[in-house]
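# Residue-level structural notes
Residues per chain, in single letters:
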Amino acid sequence: MLIVKYTKKGSACYVSHVDTLRTINRTFSRADVSVDYSEGFNPHMLVFFSPPNAVGVESECEYFAVSTKDERDFLNRFNNNAPQGFVAQKMWVTDKNPNLAKEITRAEYVISGCGIGKIKVENIFDMPEFNVSFSDKNGEKTKDYKSFVLSAKTMGDDEICVVLKYGNENLRPDRFIDGLVQNFGLGKQDYKITKTKVFANDVFADDFLDNFMK
Amino acid sequence: MNFNEVQKPSRYVGGEFGLPDMNMQASSTFCMCFPDTYEVGMSNLGIRILYYILNQQPQLRCERCFAPWGDYAQYLKENDLPLASIETKMPLKSFDMLGFSLSYELAYSNVLYMLDLAGIPFRSKDRDENWPLLIAGGPCVVNAEPVADFFDIINVGEGEEMLKNIALAYDENKGKMSKQEFLQYVNDNIEGVYVPSLTSFEQNENGVVTKINTPHKTKRVYVRNMDESYFPDKAIVSNIELVHDRAVAELFRGCANGCRFCQAGFIYRPVRERSVEKMTDICTKLIANTGYDELSLNSLSTGDYSGLKQLIQNLQPLVKEKKVRLALPSLRLDTFDGEFAQNNRLSSLTFAPEAGTQRLRDVINKNVTMEDIDSSVISAFERGFSTVKLYFMMGLPTETMEDIDGICELAYHIKDLYYKHRKSKKDIKINISCATFIPKPHTPFQWEAFDSYENISQKQAYMRQKLRNRNISLSWHDYESSTLEAVFARGDRRLANVIEQAYKNGAKFDGWTEHFKFDAYMQAFEQFGLDYKQYLRERNEDEILPWDYLDMGVDKNFLLRERHKAYQAKCTLSCNKQCNACGLQSEGLCNVNR
Ligand code: SF4
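First, a word on scope: everything that follows refers to the structure included in this document. (Residues numbered from 1 in each chain as written. Chains lettered and ligands numbered in written order. Predicted model: local features only at pLDDT ≥ 70, side-chain atom pairs only at ≥ 80, totals over all residues. Heavy atoms only, no water.)

### Some thoughts on the overall build of chain B
For clarity, the cut-off: Put simply, DSSP marks the helices as runs of H or I at least four residues long and the strands as runs of E at least two long, and each gets a number from the N terminus on. For the radius of gyration, the atom set is restricted to C-alpha positions; the globular benchmark scales as 2.2 Å times the number of residues to the power 0.38. Burial status follows relative accessibility: with a 1.4 Å probe on protein chains alone, a residue under 20% of its type maximum counts as buried, one over 50% as exposed, and anything between as partly exposed. Contact criterion: two residues are considered in contact whenever any of their non-hydrogen atoms come within 4.5 Å of each other. Computed with a 1.4 Å probe, the accessible areas rest on the Shrake-Rupley method; for each residue, only the protein chains presented here act as cover. Think of it this way: Lys and Arg go in the positive column, Asp and Glu in the negative one, and His and the chain ends go nowhere. To locate a charge, take NZ of a lysine, CZ of an arginine, CG of an aspartate or CD of a glutamate.
When you go through chain B residue by residue, the secondary structure sums to 20 helices and 19 strands. Relative to a compact globule of 594 residues, whose C-alpha radius of gyration would be 25 Å, chain B shows 24 Å and is just as compact. Taking the principal axes of its C-alpha atoms as reference, chain B extends roughly 75 × 65 × 55 Å. Burial analysis of chain B (594 residues in total) assigns 59% to the buried set. Considering only residue pairs separated by 6 or more positions, chain B has 77% of its internal contacts joining residues 24 or more positions apart. Just so you have it, chain B exposes about 23600 Å², and 47% of that area is on carbon and sulfur atoms. Charged side chains of chain B number 70 positive and 80 negative; the gap between the two group centres comes to 5 Å.

Written out as C-alpha cells, the structure is:
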C-alpha cells in the first residue's frame, strides 16, 4: 500500500470528488502503475481517498492510499501523467490501510478577499450561536455551526485562517463564508479559499501518517 | 454571480491531460468552436483529429471553445467578459480564425449564441479583416445554405488536409491580402473550399431555385489512403465525464450498404479501411496515452470491417491486462455476433430494422431479412439477454398502415421468440423507438416529402393502440424538432434571417428537449413571410436543388436510379459484393469486381 499526498490547484480545484477518483485512476493507467483490482463482476482499482474536497477550493493537502507494490519512481511517474494542478508531493509505504476517509476530521483553510480580515472573525467564539442559512435539495434551512468552527484568526486586512470540521461531520468553507456574510455583514465576492492542512483530530495528517508507519 | 455557483466549472477552465504546449510562439491562432456543450463537443472525433493536426504546425496555435451553459453565459454577461478560449482564455474575437463544427442542424442557433457572447458580428459581410475568419466544417456542410451567410469559408469533405492548408495559407498571406482577396485565393486554390459570398441564387416566388451563380462547382475532398492519413494516438482526457467518455479509434470511412435514407452512406463514399496493423498500433497507443478503460472501434458499420476478428484478437492483451472494454457501435443486425457481445458484458441488444415489413425494408435498401432478425435475436436470448431496443422510422416513402402494423407484429414476434429461447428468468423488455424520417440532401430520398403531423399522429395512435402490452414500451422522436431539422437539412439562404430572428426570440440549444422553442422559429418564419412547409414538400426531379453546386463524387443520376428502384422495392447490393457504379468508379478506390 502506498499513501500519497498531493495538491489540487488551478483548474484541478474544480474537479469534483467523483471526477477526481476517475482522473486519478486514469493517471495510474497512463503511468503504467500496476494497481490491484477488487474481485467481482466489475473489478475496480483499489484506491482510497481522504474526505471530499469542496469544488472550487484549492488544496495543498489531499491524500490517497493505493493498493500496489509498484513504488519505483512513483511521484515522478504520477506527476508526468496527471492533469494540470494534480501534483504528488510526498509518499509513505505501508502494508496497512490507514482509512483516511474516517481518520481525517478537520481542515485548515486560508481565505482571502478584499476586507475579510477586518471583520474580527475571532468574535465567532463569543457568539452564542453561529447560524447559517442555506438551501439544498430539501429546501431552505438554518443550522447552528458554532461547534464546527475549531479555530479562527485574522492574518491581515485581506486574509483569515480557520480550522473547520471536515469529513463525516463537515462545514464547507463556502458555507462558512456565507455565515460570515450573514452574521458579520461581510461583502459578497469571489473569495479565494485554500485548504492548507488536514488533521486526524488535532494531529497534522503528515505526522499522523509518520506515526502510522511505526 | 460567483464563478463557484457555475455548474461543472471544469467545462470552462481547461487544464486537462494531453494538451499541447500552449506557450509556443505561433504566428496565427485558430479556435476550434463547437456549438454544443463541452461534454458533447469533446466526444467528437473530428475535433479530436483536427485539433492535433493544427497544433502540429509550428505557425499555428489551436485552442477550443464550446457553447457555455446558461449559467456560465450569465456569469460572462454579469462580469462583462467576452466568450474566450479554454486554453489561454483569449477572447474569440482576438483569434485569427474560428472553425465551427456543424454536426447537426439543430446546433445552428448555438453558432449565433456563441458569436453573440463573443461580441462578433453574425454576417460575413459585416466582418472585415479585423475580425476573425469564420470557417465551417462537419457533416452539415453538404448543405450549409441556411447558415452560409454567417461563414466566410465552408469546408466540404474531410478536413484533415483542407483545414490545415487554409490555416497555413492564412498565415502566409496575413496582412498582405484583403479579406476579399484571400477568399478568392482559397476558392481558386484549395480543393473542397466553398466561399458562400462568391455564390448567389436565383429563386422563384415558391422558393424554387432557378439558377445558381457560382465560379465553379465545389468538389468534396476526402482522404485516399487511411493508413497514411494522420490519426492521433493521444487525446485530451477530460476531467469531467463526457457523453462518450472513452478512447475512439476509427476503423474506416464510408459505408458499403447504401441504405437509401442514410446521408452518411452517400456523403462519405467510398469505403476506405485502415489496416489491422495500423489499427492495432493506434489502439494500443491510445490506451497507453489516455488511460481510458473503454475503447470504441468507430465506423458507420463496424461489423463490416474486414479485419474485425483479427483486430479484436490483437486487442486481447488490452482487454485482459488493462481491463479495457471494447465498444463496437453501429453493428448491423446481420453481422451481430455473440462473441463480441459476450466479450463486452452487454445485457441489452440494440437493433435498427428501421421498417416493419420486408417490402419497406427493401424500399429503403436496409438489407435485413426476417431470418437475420430471428437468428440474431435467438442467439442473443440464448446468451441471457432480456432487453431489446428496436429503432424504426415512420413517414418513409411509400409507407402504408400495413408497414406500421409490421412494426407491431415484429415486436410481438420477438416477444414470442424470447419465451421459446430465453435463458434469463426475467420478463422480456422491448423498447421501441420511432423517429420521423427526414429526407436529406445527396441521398436517393432527397426529393421526398417530409410526412405531415396528421399522418404521423395517426400512425402513432395506431401503434399505441396495438402495442398495449406491459413488456413493450414505445417512444417517439419529437415531431417539431424533426420538422425543424427537416427544414434546415434541405434549406436555402433565406433561412439565415429566420435563424437569426429565432435566436433573438430565445432559441438556443435546440437539440436539447428542455431548451427547444419551436415557437421562436414559427414567429421568425412569420416575421419574414416565409412558409416553413415549403421546405418540407416533395421536390421535382428536374428542379435545381440548393446544394447542386456541390460535386460529391456520387452522380445525381445514380441517386435517381436508386430512387426509382426504391419505388419498385428493389434492393441494391452492398458495395462489398458488387460495384453499383455510383460515380466514384474512376477514383480507383473500390476493389470490387465490376
Ligand atoms: S464506386 Fe462502386 S463500389 Fe465504390 S462506392 Fe460507388 S458503387 Fe460502391
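### Quick look at the interface of chain B and chain A
The line we're drawing: Once two parts are joined, some of their accessible surface, as seen by a 1.4 Å probe, is lost; buried area is that loss totalled over both. A pair is scored as a salt bridge if a Lys or Arg side-chain nitrogen falls within 4 Å of a carboxyl oxygen belonging to Asp or Glu. Here a polar contact means two N or O atoms within 3.5 Å. Within protein one must be a hydrogen donor candidate and the other an acceptor candidate, and residues neighboring in sequence count only if both atoms are side-chain atoms.
The interface is formed by 26 residues belonging to chain B together with 23 residues belonging to chain A. Carbon and sulfur atoms supply 47% of the area buried between chain B and chain A, which totals about 2000 Å² over both sides. The interface formed by chain B and chain A includes four salt bridges. Remark: the boundary between chain B and chain A carries six residue pairs in polar contact (both at pLDDT 80 or more). The set of elements that each furnish at least two residues to the side of chain B that touches chain A consists of helix H1 (10-13) and helix H9 (276-290) of chain B. Looking at the side of chain B that touches chain A, the element that brings in the most residues is H9(B), giving three residues.

### Comments concerning the pairing of strand S13 (residues 294-298) of chain B
Residue and element names in this part refer to chain B. The test is simple: We call two strands paired when DSSP finds no fewer than two bridges between them.
Counting buried positions over the five residues of S13 gives four, a clear majority of the element. As paired elements, S13 and strand S14 (residues 325-327) share three bridges and run parallel to each other. Within S14, the residue paired with Glu294 across the bridge is Arg325.

### Thoughts on the layout of surface pockets
The condition is simple: A cavity here means a set of points on a 1 Å grid, drawn over the protein atoms and nothing else, where a 1.4 Å probe fits but cannot get out; a pocket is an open set with protein on both sides within 12 Å along at least five of seven lines, and a residue lines either one if it has an atom within 4 Å of a point. Grid points are joined across faces, edges and corners, and a volume is the space filled by probe spheres set on the points.
Its volume calculated, the second largest pocket comes out at about 1000 Å³. Looking at the second largest pocket, it is lined by 36 residues, and the ones nearest its centre are A:Arg172, A:Asp174, A:Arg175, A:Asp178 and B:Asn4. Broken down by secondary-structure element, the contributors of at least two residues to the lining of the second largest pocket are helix H1 (17-30), strand S6 (131-136) and helix H4 (173-184) of chain A. The dominant element in the lining of the second largest pocket, judged by the number of residues it contributes, is H4(A), at six residues.

### What about the sheet that holds S13(B)?
Remark on secondary structure: sheet strands pair via backbone hydrogen bonds, oriented parallel or antiparallel. Residue and element names in this part refer to chain B. To keep it simple, the criterion reads: Fitting a line to C-alpha atoms yields each axis, with helices limited to the stretch in contact; the angle taken between N-to-C directions then spans 0 to 180 degrees.
Reading across from one edge, S10-S13-S14 is the order of the three strands in this open sheet, with parallel pairing throughout. At either end of the open sheet lies a strand with only one pairing partner, and these are strand S10 (247-250) and S14. Averaged over all pairs of adjacent strands, the angle between strand axes in this sheet comes to 25°, irrespective of strand direction. Pairing geometry for S10 and S13, over four bridges, is parallel. Looking at S13, one finds that Glu250 is bridged to Asn298. Packing against the sheet, H9 makes contact with S10 and S13, and its axis sits at approximately 165° to S10.

### Thoughts on the packing of aromatic side chains
Heads up, the rule is: Stacked, tilted and edge-to-face are the three classes assigned to paired rings of Phe, Tyr and Trp, where Trp is represented by its six-membered ring and a pair needs centres within 6.5 Å; plane angles under 30 degrees give stacked, over 60 edge-to-face, the rest tilted. Should the NZ of a Lys or the CZ of an Arg lie within 6 Å of a ring centre and within 35 degrees of the ring normal, that charge is described as sitting over the ring.
On inspection of all chains with the given rule, the structure shows 42 aromatic pairs over all chains. Between B:Tyr418 and B:Tyr419, the aromatic rings sit 5.1 Å apart at their centres with planes inclined by 85°, giving edge-to-face as the arrangement. With a relative accessible area of 0%, B:Tyr418 lands in the buried category. Three or more aromatic residues joined by ring pairs make a cluster, and in this case those are A:Tyr6, A:Phe28, A:Phe49, A:Phe64, A:Phe74, A:Phe78 and A:Phe86. Between the NZ or CZ atom of A:Lys165 and the centre of the ring of A:Phe148, over which it lies, the distance is 5.2 Å. The aromatic ring of A:Phe134 is capped on one face by A:Arg175, whose charged end is 3.7 Å from the ring centroid.

### What to know about the site of the ligand
Note the cut-off: Consider each residue's heavy atoms; a residue with any of them within 4 Å of a molecule or strand counts as near. Amino acids are sorted into nonpolar (Ala, Val, Leu, Ile, Met, Phe, Trp, Tyr, Cys and Pro), charged (Asp, Glu, Lys and Arg) and polar (every other residue, Gly among them).
Taken together, 11 residues surround the ligand, and among them B:Cys575, B:Cys579, B:Asn580, B:Cys582 and B:Cys590 come closest. Here the residues of the shell around the ligand sort into eight nonpolar, two polar and one charged.

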